[in-house]
Structures are given as structure tokens and as C-alpha cells.
Amino acid sequence: QAFGSRTRSGLELAGMAGDDRRYINGAEAEDLDAEDLVPDNWFIRLVHFIAWLLTVALSILSICFIGYQLYSLYLPYCAAKVLGDKTYRFPEYFYRVWGNDATDLTSEHWGYLAACSSVTFLSIRYVIPQHPFTGSSESHNKVD
């Protein structure tokens, strides 16, 4: 089917017979895929909504876990190290996982905190603002 004259997202698509070539966003109209102009259907919107909702829930849960770990493990450990408290003991759950001979937080522990914090930051900064409630886009223009 040839492109009829219509407007989508401010782009006018005109019939392209023979040598009459129109340019759309700097690309030849022949290179335009028809699926690039298809609006999101309900299934894609539903998947986007569910993925976004899961991201929000997991980000909130991650913030809670990070806060709990900072409160119960990292900050008291750092305070004991700075103040020179030799009697400091980790919470009991720490010894169940790492054994009774654990005396310091290793780079593995700090790495877990950094990884969780980084992923949570990226999620909050770049994923959550792209919520599905902005309205449906009328078309998706491919960017090469």
C-alpha cells in the first residue's frame, strides 16, 4: 500500500510514485518501515505498565534494604572503626552467613552495597521517570 497523504507526529507522508521522493526526518521515505508508524497497542502498554510497576516496587524495596543495612551494619561498623571500639560485634544474622570468625567488612560487602546503590540510582534516575502515564505516543520514529 502506498503512503496516502496524512500527518503523523508532525510528519507529512505523501504518495511516492516514480521519482517523487520525499524526506522524512532526514531519511528517504522508502526506508521508512510501516511498523514505525504503528501506535502502541494495549498489550505493549500493559507490559510497559507492569514492568514499570515492578521497577518502582523493587526500587522502593531496594531503598528500604539499603537503609536497613546502613542502619544496622555499615554505619555502626564505621563508627566502631573510627572510635576504636574493639568490643563491637556485628548483628547476629551477619555471623550466620559469614561465620563467627568475621571481624571486618571486606571489599565484597562494600561491593554489594555499591552495586545495589548504583542500580537503584540508575533505576530512579532513568527508568522510573519514563512512566506509562504520559499518554500514548502516536508513532515511534526509528533512530539509527
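Our subject is the structure listed above.
Calculation notes
- Starting from 1, residues in each chain are numbered consecutively following that chain's sequence as written.
- Side-chain atom pairs in this predicted model are given and counted only at pLDDT of 80 or more, local residue features only at pLDDT of at least 70, and totals for whole chains, interfaces and linings cover all residues.
- Side-chain measures were taken over the full set of non-hydrogen atoms in the model, leaving aside hydrogen atoms and water.
- Here a strand is any run of E in DSSP of at least two residues, a helix any run of H or I of at least four, and the numbering for each starts at the N terminus.
- To estimate the expected span of a helix, subtract one from its residue number and multiply by 1.5 Å.
- Exposure is judged per residue with a 1.4 Å probe applied to protein chains only, and the accessible area is read against the type maximum: over 50% gives exposed, under 20% gives buried, and values in between give partly exposed.
- What the arc measures is the spread of directions leading from the helix axis to the C-beta atoms.
- Salt bridges are counted wherever a side-chain nitrogen of Lys or Arg sits within 4 Å of a carboxyl oxygen of Asp or Glu.

A. A look at helix 3 (residues 107-127). Between its terminal C-alpha atoms helix 3 stretches 28 Å, which fits the 30 Å expected from 21 residues at 1.5 Å a residue. Those residues of helix 3 not exposed but buried are His109, Leu113, Thr120 and Ser123. Along the long axis of helix 3, the arc covered by the buried residues comes to 100°, so they all point the same way. The exposed set on the far side of helix 3, more than 90 degrees from its buried face, consists of Ser107, Val119 and Phe121.

B. Here's a closer look at the pattern of salt bridges. The tally for this structure, following the rule as stated, stands at two salt bridges. A salt bridge links Lys81 to Asp104; its shortest N-O distance comes to 2.8 Å. One end of the pair, Lys81, is in helix 1 (residues 42-83); the other, Asp104, is in the loop between helix 2 (92-98) and helix 3, and 23 residues separate them in sequence. On the basis of relative accessible area, Lys81 is assigned to the partly exposed category, the value being 49%.

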